[in-house]
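# Close look at the chain arrangement
Residue strings, one per chain:
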Amino acid sequence: DDLCYNPNNCEGWFNAGQCIRSKAEVINDRLPSMENSYKPSDFYVSPGKLETESGSKLAFAELVQKQEKDYNDSKKNWFAYLGSDLSVYIRYAWATFPTLLSCSEEIGEMLSKNSCSREKDDSNSTMHLINNKSNSPEQAILHYSVFQSIQRLLDEGKYGQWEKTWGSIFVSSLMIMSQRCFSVSLFLSKKEQKEEFVGLVAEIAEALGTVSYRKLMGSTVFGYPISIMTKFEKRKVAVEAERYFQEALAVTKRTNQDERLVASWNVFFMIGKCYEKIANTYKDESFPQIDKSATSDETNSQPKVRAYEIAMEKALSNYSAALNDATEMGKESFQDIQVGGSSHGTTEMHYRLHASRLKILIYSVRQKTCREKAELESLRLTTKHWFIEPDSDAAPKTVREKVWDVLADIVAAMAQCRMDQPFFHRSVYRHAQALLWSPIFHDPDLGAVEGSLGEIPASKSYRLRGMNSGVCAGSGEVIMSSLFEKKRLQLCAVWVTTPTSPSPFEELNNSVRKYDYVRAKYIGAFIDCSKLCRRRKVLESFLNWTLACRLDLPNFYYMSAGPAPRRIGRGQILSGSGVLWSAKRHTNEALATMALQDLKDIDLKGLKDGEKLTEVLRDAYTCYLRLYCPLDDSLWERVGLNQGKVTEVNTLCKVYIAYMAWTTNTVDDYKASETVSFSMLQEAAAKCGDLFSSIKGSHIPRNKNKPRPTCKKKIWENQGSWGSKKRIKQEKDEKNCEQSSIASINQQCTSQLSKGHKEKVVREAKKASVKKTIVVAVPKGLAEGETFDVNVRVGTFRKKFELTVPNGQPPKVKFSLSVPACDEKSNTSISAKKQHHTTKKKKIKKQKNKRTSDIENDD
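The structure reproduced in this document is the subject of the present report. (Residues numbered from 1 in each chain as written. Predicted model: local features only at pLDDT ≥ 70, side-chain atom pairs only at ≥ 80, totals over all residues. Heavy atoms only, no water.)

### Considerations on the nonpolar core
Generally speaking, nonpolar side chains in soluble globular proteins are found buried as a group. Spelled out, the test is: Buried Ala, Val, Leu, Ile, Met, Phe, Trp, Tyr and Cys residues form a nonpolar core when they are joined through side-chain atoms within 4.5 Å. Buried means the residue's accessible area, taken with a 1.4 Å probe over protein chains only, is under 20% of the maximum for its type, while exposed means over 50%, and partly exposed covers the values in between. We call two residues in contact when some of their heavy atoms are within 4.5 Å.
Grouped together as the largest cluster of nonpolar side chains are 73 residues, with contacts concentrated most on Leu82, Tyr89, Trp94, Ile107, Trp162, Trp166 and Tyr308. Once you skip the residues sitting within four places of it in the chain, Trp94 turns out to touch Ile27, Arg30, Leu31, Leu100, Glu163, Trp166, Gly167, Phe170 and Tyr557. Membership of the second largest hydrophobic core comes to 70 residues, among which are Val411, Cys417, Ala432 and Leu591.

The structure is reproduced here in structure tokens:
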């Protein structure tokens, strides 16, 4: 409203952009991710399955042309928003079904009128088209047909997909409006040309860069339809974000030295991240070929480095500049570092610099046809930024020795991050990743045979901090398990921090989707490390942890979408989305894979006792039951059962065939089947159901009407070792208080009161108890530790109990007592007297003497 009367207020436009952006972020956090954050092939190397970089390399011009063509093809049937008035996306809420339904109806009515008016008279139309390219009537009709296709999901009862589709359009519309508000604010602030607006210009430029960079998170293109971002669009958005950050950096250079350092280190950091995103889009560029027949002038004109190397060098240089400025400041950007968030100051930049070096090494060693050139390129990049500078007088080394020097330096940097900041979590993943890839760095050809299960000679392994003797996967598991040392509701040691004045990097990480992104990556890495080391008990315990976790926000909103609230249970894990579902399914698949490995270790021909084989079949059947999907469910038709995409089913069928071959003495004819059919699954499930009838799968319904056990648990269970008797007395006192309160209320109730009203009054009386402070004089002649009797009377309430003389022998003792609220103001009478029974020691002595005399009499 303020902007309607004062449209030249640059701060008002900036605040409006922040509010709109906040709403877009809230909705974005509740939408399912289009891309999985964890890729197993990037974290470790399976034995004999080194996944190399696929795709042919193209020249720079051909690569850019191909990427631009893919981008244009993806935008042909894409729409940024629906409707001619974007204010509808601000006025309505997306999170609730009634408001979203009202919003869609208003948009539908708007599009219907525009579509009809265009069919009648194209010249009178004022509609802004969705793609902002043309004003043809065909486009208006197409937009209305898009709306009808979205509403068809609602009519079919697909509420989750309908809500997700509208959520994508909401985010796209709000991000466009937010960026426009920031752009207007930046224009007006520059126009003022006043000194007090210099800081605002830098802040607005940073906000615009942050808005642009947010589009790269998750590589998702919002709008209709929601899709994965192409490489051309990634580069386009990253260049736009880098331009805004450069503008913010140019403004900060005009300020004083201290303010420049404060502002520049975060901006340098974000510029480096933009350049790294740009470099990743040039990975498919071919390496330059030097024409030996060319003249010296022609050879000098030929490109010697790729665009990937140029952009990555700029990224590393900006990371280094950010680290130098932060170190010069000599303080952290966030002082309270006792959390596992993203506010660890210089450690974040130190980590990012060396983590990028590790990613460069992994990318180079995965090249199949041009590995030598790729590794030379990686050495040119990584040897310019050392954590510990090597000796300059060292003898010349081979490529493999230089790569190992860089790897050892990166591992030392990752270990130092965790030592400087005990709650820093990012370096744990990279540290474990470096150890798991060390066999490939040692020997790319031979190391690929055993993968991460290979071993490193002691002459090299001692240089890698955290590398133990034995397989490399075991060392990686030790590193990764530090984030899973105990049970947590979020499963791993990761939290979200909310600083009072966040930097652009902290602002990007202060979101639910980034939190889930990081959690999912660490969880997947931990599961795979445990699978490589065959830690079955660890994975089974972790699977039990997931049962106590809450649904992540995207999964919760997707499952609870619709007009009527539905009960959200555990549900099937055969298909789904979200961090929690991914953790359950990934763990179950790992357990099934381990069962299949156990089958391969069994020699069926020499097997005399089938106990081991039966145990493997039992494990495979248990993994199948955890899918929580009965055989008559139609979901089996959509999951690619015949293509072998369900690991648990493949394992069960293969183990079942081996078991039947052993029981029928047809081991000689046994051959492991590569194909799985639904009939084979039915046969295996029926047989295992008879063999293991005691196993209660999660798909078996439980009897909810089963009566609860009548036996009461002891009061001192799960209460620790402190004062169990004192706890019993306290509960007895409260019970007596309630009973006396009920009695006093019953006396006040007249015969005219109805039975229901009496019960209501009694229920209120049970809650109507208050604490009253009592002071009693200690009887004379009592020593420290001795007990005495106390009688308390407060109105109709009476209580008798014993107290112990405390240390110091005070003349009075004060304590609190629960009394009925109706007797709170009544007269209180207290009496205390000594106990006349013998002490505990004398009692025990008398019992011993009596037992001795009884024995003598028996003799």
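From this point on, the discussion continues.
### Concerning the packing of aromatic side chains
Just so we agree on the cut-off: Classification of ring pairs rests on two measures: the distance between centres of Phe, Tyr or Trp rings, Trp counted by its six-membered ring, which must be within 6.5 Å, and the angle between planes, read as stacked under 30 degrees, edge-to-face over 60 and tilted in between. Secondary structure elements follow DSSP: runs of H or I of four or more residues count as helices, runs of E of two or more count as strands, with numbering from the N terminus. Criterion for a charge above a ring: Arg CZ or Lys NZ at most 6 Å from the ring centre, at most 35 degrees from the ring normal.
Inspection of the entire model under this criterion finds 23 aromatic pairs. With centroids separated by 6.1 Å and ring planes inclined at 90°, the aromatic side chains of Phe97 and Tyr159 adopt a geometry described as edge-to-face. One end of the pair, Phe97, is in helix 6 (residues 97-120); the other, Tyr159, is in helix 8 (residues 159-192), and 62 residues separate them in sequence. Pairing Phe269 with Tyr319 gives two aromatic rings, centres 5.8 Å apart and planes at 50°, and the pair type is tilted. Taken together, the positions of Phe269 in helix 11 (residues 257-280) and Tyr319 in helix 13 (residues 307-329) put the pair 50 residues apart, joining distant regions of the chain. As far as the burial class goes, Phe269 and Tyr319 line up, both buried. Here the aromatic residues Tyr38, Phe43, Tyr429 and Tyr522 are joined through ring pairs into a cluster of three or more. Over the aromatic face of Trp78 sits the side chain of Lys75, whose NZ or CZ is 3.7 Å from the ring centroid. Between Arg357 and the ring centre of Trp386, over which it is positioned, the NZ or CZ distance is 5.5 Å.

### With respect to the pattern of salt bridges
To keep things clear, this is the line we draw: What makes a salt bridge here is a side-chain nitrogen of Lys or Arg within 4 Å of a carboxyl oxygen of Asp or Glu, nothing more.
Applying the stated criterion across every chain yields a total of 32 salt bridges. The residue Lys66 makes a salt bridge to Asp70 at a minimum N-O spacing of 3.4 Å. Placement of the pair is Lys66 and Asp70 together in helix 4 (residues 60-74), with a separation of 4 residues, close to one helical turn. The exposure class assigned to Lys66 is partly exposed, which follows from its relative accessible area of 46%. Arg536 serves as the salt-bridge partner of Asp619, at 4.0 Å between the closest nitrogen and oxygen. In this pair, Asp619 is assigned in helix 26 (residues 611-625) and Arg536 in helix 23 (residues 536-547), connecting sequence segments 83 residues apart. Residue classification places Arg536 among the buried positions, given a relative accessible area of 18%.

### With respect to unusual backbone geometry
Here the amide bond leading from Tyr224 into Pro225 is cis, since omega sits at -5°, within 30 degrees of zero. Counting through the fold element by element, Pro225 comes out in the loop between strand 1 (220-221) and strand 2 (227-228). The backbone of Ser219 sits at a positive phi, close to 50°, despite the residue not being glycine. You can see Ser219 is positioned in the loop between helix 9 (198-214) and strand 1. For Ser219, a relative accessible area of 9% translates into the label buried. The backbone of Tyr628 sits at a positive phi, close to 60°, despite the residue not being glycine. When you line up the elements, Tyr628 lands in the loop between helix 26 and helix 27 (647-663). Residue classification places Tyr628 among the partly exposed residues on the basis of a relative accessible area of 30%.

### A few points about the packing of helix 16 (residues 399-420) against helix 17 (residues 426-442)
The cut-off we apply is this: For every element, the axis is a line fit to its C-alpha atoms; helices are fit only across the contacting stretch, and the angle between N-to-C directions ranges from 0 to 180 degrees. Any angle from 65 to 115 degrees is called roughly perpendicular, while one under 35 is roughly parallel, one over 145 is roughly antiparallel, and all others are oblique. Left-handed describes a crossing whose near helix is turned anticlockwise from the far helix by less than a right angle; the clockwise case is right-handed.
At a minimum axis separation of 9 Å, helix 16 and helix 17 run at an interaxial angle of 160°. In this view, helix 16 runs roughly antiparallel relative to helix 17, as classed from their interaxial angle. You can see that helix 16 and helix 17 cross each other, and the crossing is left-handed. Together, Arg400, Val403, Trp404, Leu407, Val411, Met414, Ala415, Cys417 and Arg418 of helix 16 and Ser427, Val428, Arg430, His431, Ala434, Ser438, Phe441 and His442 of helix 17 make up the contact between the two elements.

### Thoughts on the environment of Ala248
Secondary-structure assignment places Ala248 in helix 10 (residues 231-252). In this structure, the C-alpha to C-alpha distance between Ala248 and Leu208, residues 40 residues apart in sequence, is 9.8 Å. Setting aside chain neighbours within four positions, we find Ala248 in contact with Ala202, Ala205 and Glu206.

### Looking at the sheet that holds strand 7 (residues 828-834)
As a reminder, the rule being used: The rule for pairing is simple: two strands pair if DSSP sees at least two bridges between them.
Pairing in this open sheet of 3 strands is antiparallel, and the strands run 5-4-7 from one edge to the other. Sheet topology places strand 5 (797-804) and strand 7 at the edges, where each strand pairs with a single neighbour. If you compare each strand with its neighbour and ignore which way they point, the axes differ by 20° on average. In this structure, strand 4 (residues 787-794) lies alongside strand 7, joined through 7 bridges in antiparallel fashion. Counted as the bridge partner of Asp789 is Lys833 from strand 7.

### Observations concerning the pairing of strand 4
One ladder, built from 8 bridges, connects strand 4 with strand 5; its direction is antiparallel. The residue of strand 5 that forms the bridge with Phe788 is Leu803. Between the end of strand 4 and the start of strand 5, which pair antiparallel, lie 2 residues, with Gly795 showing a positive phi angle near 65°.

### Digging into the packing of helix 4 against helix 10
Think of two packed helices as two axes; the pair is described by the angle between the axes and how far apart they sit. Between helix 4 and helix 10, whose axes approach to 7 Å, the crossing angle comes to 95°. Between helix 4 and helix 10, the angle falls in the class roughly perpendicular. Across from Val64, Gln67, Glu68 and Tyr71 in helix 4, the residues of helix 10 making contact are Lys231, Phe232, Glu233, Arg235 and Lys236.

Read these as spatial facts, not as claims about activity.
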